[in-house]
Amino acid sequence: MASLTVYFEQRPIGTIHVDTSGPSFTYAPGWIGLRGAFPISLTMPLKSEHFTADIFLPWAANLLPESEQLRTLGQLLGMARSDVIGLLSAIGGDTAGAFSFGQPGRASAVQWRLVGSPQDVERMIENLPNKPFLVGEEGVSMSLAGVQSKIAVAVDDNGRIFIPMNGSPSTHILKPDSPRLPGGVQNEAFCLTLAKRMRIPTPKVTTGQAGKRTYLLVKRYDRTEVSGRCRRLHQEDYCQALGKPPSAKYESNQTGISGPTLKDMFNITRRHMPPTEIVRLLDMVIFNVLACNSDAHAKNYSIMIRAGNASMAPMYDIMCGEVWENVTKNLAQKIAGVTRGNHLNRTRWQQFARECGLNPKQVIDRIDALAKSAITEAKPAASEVAAMPAGDHEVLDQTRQAVERRARHLLTRLKELEDEPASKVSDEQTDSAMKDAWRLPEEGPVT
């Protein structure tokens, strides 16, 4: 039976065992008993038990890239795309969250390799489609989930870009422009900047120019500086927290596995987090509708996991799909059975609130407040993005206008009602049955 050690920085926290029944996981006894220890997932609490492949494998698979990037990685490494543990052993030195696979993770910047000139950055960007995460280069071992071409980098106080080597931590994610989505850098920068101006937590972002290429530079929220050292913070996405493989990240998919619904996400948030985090999740759901973000699937929401508690991670990966003809306008997760943001009116939002155990009046009030805030902050957010190093783009103004239109449309439709079946209970009855929509249930926080 093969095995692979999992580390939090220099400390072993557990072991992956691989046999004919698939990869399984056990915590190291020293980690379970350590003050300040935290679980790798809400699905795998700190216990002296064997977590079998049906629990562990979906969590691990969500740490790998998807689609064409995964196919290319497998070809370059001579591994099957289904060999999750083999791939993690090769590229798992710096992943989303706090853990490294097969080798200890460092906390210093000593092993950062400078990417010297803008031409060097441009060359690195150009090579990413054929060489995801610079795989094959000696000392480079990193993995980021998702389908987009991107790379984890380190950025120093002078703005210089480095490649982390030999298990050193990255500090930022660099996301290049895409010919399929012209202006995507400014589009995403606008959405994240707008959310920040609306007081919805987001990572710090800026844009950059490298020769003919532009890129988004996103500060990693799962890294922090402590006494001059870059320390890892743990997180997992909602696919991991709900035990779903990455192929089932969309509510509607063709895998035969039901994807996470918003109800599922609110339920697990209610079980493991304080009431304030339910409101934060609600804000993110509403903002994704305001931003016309049709790719807000379960992997684009995440949870910060610490010793004894969990909380919502900041928002990330937000783009306004309304500005491109080749992007679906359907929501990734249905809201009261509705797949189009423009079809949501007051009745549908109230139905969504009941389904997710929320207070309908509070939900309506929150939508009203955020929509008005989006209209107020859209122009300043666009100006802020235009002043970033990559400059303006015609898509930036189109994105601003699309978000303003959606916000005004939502405000108008909040005043509309549909005829509801007589079996529908009133808001007052629902509130009485819930007692307190934002309460923390008896299950308590994660352990």
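Check the entry above for the structure.
Notes on the structure follow. What you see is a predicted model; the values in this text were computed from it and never measured. (Residues numbered from 1 in each chain as written. Predicted model: local features only at pLDDT ≥ 70, side-chain atom pairs only at ≥ 80, totals over all residues. Heavy atoms only, no water.)

Attention shifts here to helix α8 (residues 262–272). In an α-helix, one full turn covers 3.6 residues, which means residues spaced three or four apart are oriented alike. Within α8 the residues assigned to the buried category are L262, M265, F266, I268, T269, R270 and H272. In this fold, the buried residues of α8 make contact with α7 (238–241), α9 (275–290), β15 (309–312), β16 (330–335) and α10 (346–355). (Buried < 20%, exposed > 50% of the residue type's maximum accessible area, 1.4 Å probe, protein only. Helix = DSSP H or I, 4+ residues; strand = E, 2+ residues; numbered from the N terminus. Contact = heavy atoms within 4.5 Å.)

With that settled, consider α9. For α9, built from 16 residues, the straight-helix expectation of 22 Å at 1.5 Å per residue is met to within 8% by its first-to-last C-alpha distance of 23 Å. Within α9, twelve of the 16 residues are buried, which leaves the element mostly enclosed by the surrounding structure. Residues E277, I278, L281, L282, D283, M284, V285, I286, F287, N288, V289 and L290 constitute the buried set of α9. Among the residues trailing α9, C292 stands out with phi positive, at a value near 60°. (Expected span 1.5 Å × (residues − 1).)

Bringing the sheet that holds strand β5 (residues 112–114) into the picture now. The strand order β5-β7-β6-β8-β10-β9 describes an open sheet built from six strands, whose pairing is antiparallel. With partners counted over all chains shown, the strands left at the sheet margins are β5 and β9 (205–210), one partner each. In this sheet, adjacent strand axes meet at a mean angle of 40° when their direction is disregarded. Here three bridges tie strand β6 (residues 151–155) to strand β8 (residues 172–176), and the two strands are oriented antiparallel to one another. Bridge pairing links V153 to H172 in β8. Strands β6, β7 (161–164), β8, β9 and β10 (213–219) of the sheet are contacted by helix α5 (residues 118–127), whose axis makes an angle of about 90° with β10. Contacts between helix α6 (residues 184–197) and the sheet are confined to β8, β9 and β10, with β10 contributing the most and set at about 25° to the helix. (Pairing = 2+ DSSP bridges. Axes fitted to C-alpha atoms, helices over the stretch in contact; angles between N-to-C directions.)

What follows deals with the pairing of strand β2 (residues 11–19). With seven bridges connecting them, strand β1 (residues 2–8) and β2 associate as antiparallel partners. Counterpart to V6 in the pairing with β2 is G14. In this antiparallel pair of consecutive strands, β1 and β2, the connection spans two residues, and E9 shows a positive phi of 55°. In this structure, β2 lies alongside strand β3 (residues 22–27), joined through six bridges in antiparallel fashion. Looking across to β3, one finds that T15 is bridged to T26.

Take the packing of α9 against helix α11 (residues 360–386) next. For any two helices packed against each other, one specifies the crossing angle of their axes together with the interaxial distance. Here α9 crosses α11 at 50°, and the two axes come no closer than 10 Å. If you check the angle between α9 and α11, you find them oblique. Remark: the crossing between α9 and α11 carries right-handed chirality. Residue-level contacts link L282, D283, I286 and L290 of α9 to V363, R366, I367, L370, A371 and A374 of α11. Residues belonging to the contact of α9 with α11 are distributed by class as follows: eight nonpolar, no polar and two charged. (Parallel < 35°, antiparallel > 145°, perpendicular 65-115°, else oblique. Left-handed = near helix turned anticlockwise from the far one by under 90°. Nonpolar A, V, L, I, M, F, W, Y, C, P; charged D, E, K, R; others polar.)

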